[in-house]
2 protein chains.
Amino acid sequence: MQSLQAKASEWSGVKQDDAFAIDDTNLFQKLGLQTFINLSTNFYTRVYDDEEEWFRSIFANSKKEDAIQNQYEFFVQRMGGPPLYSQRRGHPALIARHRPFPVTHRAAERWLHHMQQALDGTTDIDADSKVRMMNFFRHTAFFLVAGDELKSQNQQPQCKHGTSSQTSV
Amino acid sequence: MQSLQAKASEWSGVKQDDAFAIDDTNLFQKLGLQTFINLSTNFYTRVYDDEEEWFRSIFANSKKEDAIQNQYEFFVQRMGGPPLYSQRRGHPALIARHRPFPVTHRAAERWLHHMQQALDGTTDIDADSKVRMMNFFRHTAFFLVAGDELKSQNQQPQCKHGTSSQTSV
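Here is what the cut-offs are and how they apply
Residues numbered from 1 in each chain as written. Chains lettered and ligands numbered in written order. Predicted model: local features only at pLDDT ≥ 70, side-chain atom pairs only at ≥ 80, totals over all residues. Heavy atoms only, no water. UniProt positions renumbered as here; feature names shortened; annotations may be inferred. Salt bridge = Lys/Arg side-chain N within 4 Å of Asp/Glu carboxyl O. Helix = DSSP H or I, 4+ residues; strand = E, 2+ residues; numbered from the N terminus. Buried < 20%, exposed > 50% of the residue type's maximum accessible area, 1.4 Å probe, protein only.

Chain A is annotated in an unreviewed UniProt entry as Hemoglobin from Quercus lobata. Per UniProt, chain A carries the Sequence similarities (unreviewed entry) text "Belongs to the truncated hemoglobin family. Group II subfamily."

## Considering the pattern of salt bridges
One pass over the full model with this rule turns up 22 salt bridges over all chains. For B:Glu52, the salt bridge goes to B:Arg110, with nearest N and O atoms at 3.5 Å. Pair noted here: B:Glu52 is in the loop between helix H4 (33-48) and helix H5 (53-56) and B:Arg110 is in helix H9 (residues 105-120), with a separation of 58 residues, a long-range link. A salt bridge links B:Asp128 to B:Arg132; its shortest N-O distance comes to 2.8 Å. On the criterion of helical spacing, the pair formed by B:Asp128 and B:Arg132 is a turn pair, its members being four residues apart in helix H10 (residues 127-149). Residue classification places B:Asp128 among the partly exposed positions, given a relative accessible area of 34%. The class of B:Arg132 is buried, set by a relative accessible area of 18%. Salt bridges here are not isolated pairs; linked through shared partners, they connect A:Lys30, A:Asp126, A:Asp128 and A:Arg132.

Structure representation (structure tokens):
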């Protein structure tokens, strides 16, 4: 079976090394906490106002302010800042925590569209940081698409009558 | 629904703050790469030689040297060192990557038993670091038990005949 990270690279077009070039510099020190808060606020303002209802509805059961905080705390922690996310919520466990959401190829592209707009609309993010972050986001989005596909695997359906058409792995 | 981290705290008996006290110091700088390699080598040597076949068999499809490398690279990255794990494999995605394994309460306790022995058998790990690491390991083990339970949720069994006894979420 192709690994999660191999699928992410293939579908995103972003090589592993480029995706994690966020680690070659300290983006938190470079950009500061407020920039990350602004970025996530811009991002979710776009998402919660999305004219495309199918995408907007994915977030319907989450409070906007919670979504913002979860996101910027994870970004800060992953990009060289204090471990804000783990202090409050523990391990990121990205795939498991996205389990309630339908992370399709189409949803990944829509997410990335809004994030590119949010990055461009946030002041004080230099061009080099934008490229590093978008590569990371693009690879991660498709890593989550690969993770989403696990939901339909490894099932152990129990049928009251008859046999299952799915195979336990 | 109780969150993953709340379940982890309840079942492990380790509070969130204590679990992530690994972040109050830099354990990688304190202990060094070789100590992490030694710890994981000691741990998996015990695991692959475990007299309890039910536990040993969980690892039967993994190469010992791969298991060692995956583990110490994750520990190094999570405890203040270079992002060795992500450079090679991407996001840790702890719950998703443990999906192939039956992470039961009993398996978590056996894992922790071997890890305590491995910590005690590895030179150059001071008492304070041991406590921090065991709290982290204990909380994380039960975080993964909580994650394991997700596997039986959100299923969409398709039965050839008759009806499913499970409900899609």
